[in-house]
Amino acid sequence: MATTAGVYRNGNHSRNSQSTNNNKAEKPLSFNPNPKNSLKSKSLPGSGLRRSAPSSLGTAKDDTGVPGRVRVAVRLRPRNEEEMVADADFADCVELLPEVKRLKLRKNNWDSDTYEFDEVLTEFASQKRVYEVVAKPVVESVMDGYNGTVMAYGQTGTGKTYTLGRLGEEDTSARGIMVRAMEDILADVSQETDSVSVSYLQLYMETIQDLLDPTNGNISIVEDPKSGDVSLPGASVAEIRNQKSFVELLRLGEAHRFAANTKLNTESSRSHAILMVHVKRSFKGRDSILSSETGNNPHMAKSLKPPIIRKGKLAVVDLAGSERIDKSGSGGHTLEEAKSINLSLSALGKCINALAENSSHVPIRDSKLTRLLRDSFGGSARTSLVITIGPSPRHRGETASTIMFGQRAMKVENMLKLKEEFDYKSLSRRLDIQLEKLIAEHEKQQKAFENEIERVTTEAKLQISESERTYAVELEKERLNNQKEYMESIKKLEEKWMMNQQKHAGGENIAGLKDESSNWISNGEDSRVANMEELSEMKTKLQKETLLRKAAEVEVNKLKSQLAELKKSEASAKSDISKLQKKLEDEACQKEKLEGEIAILQSQLLQISFEADETARRIDKGWYEKVPGSLDSLMLQVRQPQNNDSGNGEKASIAKLFEQVGLQRILSLLEAEDVDVRIHAVKVVANLAAEGFFLVLYQHFASASFYGQHQLIQNCASSDIPSKTNQEKIVEAGGLKSLLMLLRSSKDETIHRVAAGAIANLAMSETNQELIMAQGGIRLLSMTAGSAEDPQTLRMVAGAIANLCGNDKLQMKLRGEGGIKALLGMVRCGHPDVLAQVARGIANFAKCESRASTQGTKNERSLLIEDGVLPWIVQNANNEASPIRRHIELALCHLAQHEVNAKDMISGGALWELVRISRDCSREDIRTLAHRTLTCSPTFQAGMSRLGIDY
């Protein structure tokens, strides 16, 4: 019955089914915090057992820095069909006493050993009951910011994977701990402020492999030298938004897990599976509430505190079952797998023994399993262990070993620590928003103040002019009235005098005349007195008008003082304006000087052009030639540092030009009218973008495998390459926009070639890739590829597009703007260098599609196949040129990772090439990837059978 070891688990078959008849929601029972290893049933006095504290499994109150013991529960598997027949005449080797949380292990019919655990679960215990007493308290601790571990240990075939990893798609009550834990986590987190991510790994033959990305086959463990925390930076991390996507990831991981058929289990796990769930939650600080109650209080910012971020990690560990070779019948490669499993479990047992006995030395580095579980036993995580046992008396020895493992684990004490930190980034964003609001409010108030000053000034001027006009009118009116009254009085007097003259003109006597004259004089005196009174009354009125005029003059003086102040502020503003005008004049003078310097620099640039041309030609020929002052001389300095004295070494000509001239001036020459000046300026920018980049890349590239070289080139955008500073300066100064403008406007093929090379260098940065796409770069590169005939120009364009093909975010946009069609169109050239760049771009694109399909974000057929690239790939899969052949072989392997592409690849003849690659490829990593793909794909298996391929 033994089958070939290393068969992948398909995820649809379960282990020996567990009974789910008991679905009652039982409350967790109490536990004994310090149990004894064993209690003989023969000697059990009434005081021999301690009373157990009333607390559930793992629910002890453990704050930051307080001890928390490992909680252990035991679960009994019901008899399977084979045991019902073989052990029909024998009683079970164990007897469970769940009421008192004890277990009896029978030695014979009259003697047994008694053990006490935190929880005893019978064969009728439901999956829900197991989750609530074993895992739920740990999950709640993880949500509060602690690390937690749930682990299953036991003999092979006793139900570990059923307890932890059952998906429960057909029967929801059969869901395991993994699925139920994620349900509780997603129900408690906030989609806006919290995040949940998972990694799914397996430890197979002391090698850590990524179950979500089978190509990631050897992940290293990294330990923090200060805190001792263990991390796996090379593992795939998937963001979880809903339960459906999580179940799909579990199904994908189970399909990649190694399993084999043994005498004890038809589907025995041959690796330890570890599911890591990272939960990041945000909590508001006590004083970090920005509400309307604070108003415009200037001291509001002093009371702000950043939000608190709590990071919890849940590790669910499904250990491979321990087994005895004579009972499991393992042989060949399966025997080697069993040895590796038993060695790692033995190392784990030694560590637990040392921790239980408080030994000064814990052999944590004896196995990668113990290094991964460093935080779970004796670390800072809350740990719950469920040990699974079977009832068969034939396996009493394995059952006893499992029970003793659990008893020793109950003695291990962990120091629980809260993982929280302040979210200073969130506080900084909120303070920036508040600062912007205050600045806007200040500008608004400043503008209102200026408007108010202008309004008051206008009103004051109007009031002054109105007062002056009113005063002049009133004064003139009063003068006219007085003059009119005076003239009327004179006229009346004259009329009276004439009348008196006429009366006495008839020859009256002198006496009568005297009497009349005296009467007239007396009347004149009376009239003069009346006139004097009237004149005094007019004087009084004039005095009143004078007072009114003085009051008006006082008011006018006040308004004039206000006007003077306004004129003073206006004079200050004019002074500032004059200063700014003077600065502008200085800038204009400086500009004239700079234009003169630019003219001089243009002549210098023409002198350096020959050396730049020579450097570019040497770089095109290869990385290993010696070009003085260029990139290869720097490589020589890297390879022979003892011969390069920094004090005496000559700087490269391009770096010297960059230091003497400045980037902004060099970029300004890209728009020069002289074609030669533009060409040389583009070459300088291209060399600046590449200078220093290949120095570090060469060091890694020389020692890497082909697959490693491909990964290095694809990921170089995110690496810390020294030329990143030059590239950032070029982009910030507008160099990228100028290069794209040259592609669009220039018709000179030399400019096209050098500009495309500069863009290819800039496209090695992920940030620059997005900028290139946003500014229409791929469309311009495609147009250039369609019109160019020079192989070197096509090589530069293909290299730029190949770099853009390695960005996951730009796949659809790159294809929509003709990037794939442009790559396929450039094969018309036939030049090996061009074909190598085309093959690299196709391999990068296929790698991104393979990653997307593995993560579950892409389910459709490959865009490369839809655009007709597959025939060219198959045609050149065995190309004589090694770089072309290696890239195409890698592209075929990535395309084959997605099952939906299999039929097209079979009909297109790619299956024969995959078989050839898995057998004859000189690169072991590519050969292994092709073999694994053919083995895992049912469609390829059926195709090989139909075509008669013996594999």
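Conventions adopted
- Residues numbered from 1 in each chain as written.
- Predicted model: local features only at pLDDT ≥ 70, side-chain atom pairs only at ≥ 80, totals over all residues.
- Heavy atoms only, no water.
- Bend = angle between axes of the 7 residues up to and from the residue.
- Helix = DSSP H or I, 4+ residues; strand = E, 2+ residues; numbered from the N terminus.
- Buried < 20%, exposed > 50% of the residue type's maximum accessible area, 1.4 Å probe, protein only.
- Salt bridge = Lys/Arg side-chain N within 4 Å of Asp/Glu carboxyl O.
- Core = buried A, V, L, I, M, F, W, Y, C linked by side-chain atoms within 4.5 Å.
- Contact = heavy atoms within 4.5 Å.
- Polar contact = N/O pair within 3.5 Å; in protein donor to acceptor, adjacent residues only side chain to side chain.
- Axes fitted to C-alpha atoms, helices over the stretch in contact; angles between N-to-C directions.
- Parallel < 35°, antiparallel > 145°, perpendicular 65-115°, else oblique.
- Nonpolar A, V, L, I, M, F, W, Y, C, P; charged D, E, K, R; others polar.

Peer 1: Would you take a moment to explain helix α2 (residues 127-143) for this structure?
Peer 2: In an α-helix, one full turn covers 3.6 residues, which means residues spaced three or four apart are oriented alike. At Ala 135, α2 shows its largest kink, close to 50°, and the proline Pro 137 lies no more than four residues downstream. Buried residues dominate α2, accounting for 13 of its 17 residues. After α2 finishes, the residue Gly 145 shows a positive phi value of roughly 110°.

Peer 1: Just to check I follow, could you spell out the pattern of salt bridges for this structure?
Peer 2: Working definition: two side chains of opposite charge can pair if their charged atoms are close together. This structure, assessed with the given rule, holds 34 salt bridges. Across the salt bridge formed by Glu 183 and Arg 175, the nearest N and O atoms sit 2.4 Å from each other. Taking the relative accessible area as the measure of exposure, Glu 183 reaches 28% and is therefore partly exposed. Note that Glu 766 is salt-bridged to Lys 809, the shortest N-O span being 3.6 Å. With Glu 766 in helix α21 (residues 766-774) and Lys 809 in the loop between α23 (791-805) and α24 (811-816), the pair connects residues that are 43 residues apart, well separated along the chain. A cluster of three or more residues bridged by salt bridges with shared partners is formed by Glu 223, Arg 365, Arg 371 and Arg 374.

Peer 1: Would you take a moment to explain the nonpolar core for this structure?
Peer 2: Soluble globular proteins tend to pack their nonpolar side chains together in the buried interior. In terms of nonpolar packing, the biggest core is built from 90 residues, with Ile 801, Met 826, Leu 892, Met 905 and Phe 940 touching the most fellow members. Sort the elements by how many residues they give to this core and helix α26 (residues 832-854) lands first, with nine residues. Ignoring anything within four residues of it in the chain, the contact list for Phe 940 reads Ala 896, Ala 902, Met 905, Ile 906, Leu 911, Leu 914, Thr 933 and Leu 934. If you look at the next biggest cluster of nonpolar residues, it comprises 44 residues, including Leu 96, Tyr 153, Leu 345 and Ile 403.

Peer 1: Any chance you could explain the side chain of Asn 807 here in plain terms?
Peer 2: Topologically, Asn 807 is positioned in the loop between α23 and α24. Judged by its relative accessible area of 4%, Asn 807 falls in the buried class. Separated by 2.8 Å, the side chains of Asn 807 and Gln 769 make a polar contact. Side-chain polar atoms of Asn 807 contact the backbone nitrogen of Lys 809, separated by 3.0 Å. Among residues more than four places away in sequence, those in contact with Asn 807 are Glu 766, Gln 769, Glu 770 and Cys 848.

Peer 1: Sorry if this is basic, but what is going on with the packing of helix α32 (residues 924-936) against helix α33 (residues 938-947) here?
Peer 2: Helix packing geometry: the angle between the two helix axes and the distance between the axes. Close contact between α32 and α33 brings their axes to 5 Å; oriented N to C, the two are set at 85°. Classed by the angle they form, the pair α32 and α33 counts as roughly perpendicular. Of the residues in α33, those touching α32 at Thr 933, Leu 934, Thr 935 and Cys 936 are Pro 938, Phe 940, Gln 941 and Met 944. Of the residues assigned to the contact of α32 with α33, the class counts are five nonpolar, three polar and no charged.

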